[in-house]
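Fold and contact review
Each chain, written out:
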Amino acid sequence: MSFTGKVVFISGARSGIGAAAAIEFAKQDADVVIIGRNEAKMNNVYKQCETHGKKPLVIKADISKDKEAKAAINKTIDKFGKLDILVNNAGIMRLGSILYGNLLESHDEVMSTNLRVVMHLTTLAAPHLIKTKGNIINISSIGVKYCRFY
Ligand SMILES: NC(=O)c1ccc[n+]([C@@H]2O[C@H](COP(=O)([O-])OP(=O)(O)OC[C@H]3O[C@@H](n4cnc5c(N)ncnc54)[C@H](OP(=O)(O)O)[C@@H]3O)[C@@H](O)[C@H]2O)c1
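Rules and cut-offs
Numbers given for residues are sequential positions, taken from 1 along each chain in its written order. In view of the model being predicted, local features appear only for residues whose pLDDT reaches at least 70, and side-chain atom pairs are presented and counted only at 80 or more, with totals across whole chains, interfaces and linings using the full set of residues. Excluded from the side-chain calculation are hydrogens and water; included are all heavy atoms of the structure. Classification of ring pairs uses Phe, Tyr and Trp, with its six-membered ring standing for Trp, and accepts pairs whose centres are within 6.5 Å; under 30 degrees between planes counts as stacked, over 60 as edge-to-face, and the remaining range as tilted. Counting from the N terminus, the helices are DSSP H or I runs at least four residues long and the strands are E runs at least two residues long. Relative accessible area decides the class of each residue, using a 1.4 Å probe on protein chains only: under 20% of the type maximum gives buried, over 50% gives exposed, and in between gives partly exposed. Strand pairing is assigned whenever DSSP identifies at least 2 bridges connecting the two strands. Orient the strands so they point away from the viewer, and a crossover whose first-strand-to-second-strand path over the helix runs clockwise is right-handed. Put simply, buried Ala, Val, Leu, Ile, Met, Phe, Trp, Tyr and Cys residues joined by side-chain atoms within 4.5 Å make one nonpolar core. Throughout, a contact is declared for two residues whenever any of their heavy atoms are within 4.5 Å. Axis lines are fitted through C-alpha atoms, for helices just across the contact stretch, and the angle between N-to-C directions can take any value from 0 to 180 degrees. To estimate the expected span of a helix, count its residues, drop one, and scale the result by 1.5 Å. We define the bend at any residue as the angle between the axes fitted to the seven residues before and including it, ending there, and the seven starting there.

Before going further, it helps to spend a moment on the packing of aromatic side chains. Applying the stated criterion across every chain yields a total of one aromatic pair. Between F3 and F25, the aromatic rings sit 5.1 Å apart at their centres with planes inclined by 85°, giving edge-to-face as the arrangement. Taken together, the residues F3 in the segment before strand 1 (7-11) and F25 in helix 1 (residues 16-27) connect sequence positions 22 residues apart.

The structure is reproduced here in structure tokens:
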């Protein structure tokens, strides 16, 4: 399948599923936007995409911060003029305990990244995706891993 001319924004693309998706989309000739906080690791993904002849746009951003998420979408549009695919992939896992008092902190941190960011990025991307009749890919989990009892 060819993604020539398609712009793909991938949150959390410095490792794991996001990195693999970035490399695969680059292989299929897409223009890929790599988002994360760890620049060194994103640069490794950049190099792997480059071997397929595509130079991704690397954006260092903490997307749990509203301004940085907005800036990342804006930079994508500034660079490519459009957006075809939003991949909501960034996610974190935190453990909390009912007995030791950190359950709510863990809950808030996980929900802030794994849920709120998805809603925010989708809101920011939607007007651009409507123009291109684009797609949203949400990577999720069957587990909400922030609770333990001891
Ligand atoms: N691996 C599995 O077995 C599995 C199973 C079920 C579901 N999932 C889901 O699949 C997705 C990816 O999982 P994975 O295992 O590939 O994860 P991973 O290797 O831990 O990667 C998570 C990515 O999210 C980014 N990220 C986290 N918080 C961020 C923030 N505030 N701002 C920007 N980037 C942020 C990280 O980049 P930086 O640290 O550079 O910011 C990293 O690139 C997650 O949503 C996870 O819940 C994974």
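With that settled, the discussion passes to the pairing of strand 3 (residues 57-60). Across the two faces of strand 3 the burial differs, with L57 and I59 buried and V58 and K60 not buried at all. The sheet contact formed by strand 2 (residues 31-36) and strand 3 spans four bridges and is parallel. Pairing of V33 across the sheet is with L57, part of strand 3. In terms of handedness, the path from strand 2 via helix 2 (residues 39-50) over to strand 3 forms a crossover that is right-handed.

Here is a general trend for soluble globular proteins: nonpolar side chains tend to be buried in one another's company. Within the largest apolar cluster, 20 residues are counted, with the highest numbers of intra-cluster contacts made by F9, I35, I63 and L121. Among the elements of the structure, strand 1, strand 2, strand 3, helix 3 (66-80) and helix 4 (103-132) are those that each provide at least two residues to this core. At five residues, helix 4 tops the list of elements feeding residues into this core. In this structure L121 touches F9, S11, I63, A69, I73, L86 and N88, once residues within four positions along its chain are discounted. One finds I23, F25, I34 and I85 within the second-largest nonpolar core, a separate group that totals 17 residues.

Next up on the list: the sheet that holds strand 6 (residues 135-138). The strand order across the open sheet built from five strands is 3-2-1-4-6, with neighbouring strands paired in parallel fashion. Edge strands, defined here as strands with exactly one partner in the open sheet, are strand 3 and strand 6. Going from strand to strand, the sheet's axes swing by 15° on average, the running direction of each strand aside. Inspection of the sheet shows strand 1 paired to strand 4 (residues 85-88) by three bridges, in the parallel sense. The partner of V8 across the bridge, within strand 4, is I85. Sheet strands in contact with helix 1 are strand 1, strand 2, strand 4 and strand 6, and its direction is about 170° off that of strand 1. Helix-sheet contacts for helix 4 involve strand 1, strand 4 and strand 6, and the interaxial angle to strand 4 is about 175°.

The end-to-end C-alpha separation of helix 4 is 42 Å, in line with the 44 Å expected for 30 residues at 1.5 Å each. Where helix 4 bends most, the angle comes to about 45°, and this point is A126, followed within four residues by the proline P127. Residues of helix 4 that are buried: S106, V110, T113, V117, V118, H120, L121, L124, A125, H128 and L129. Buried residues belonging to helix 4 abut strand 1, helix 3, strand 4, strand 5 (96-97) and strand 6. A positive backbone phi angle near 50° is found at K133, which sits one or two residues after helix 4.

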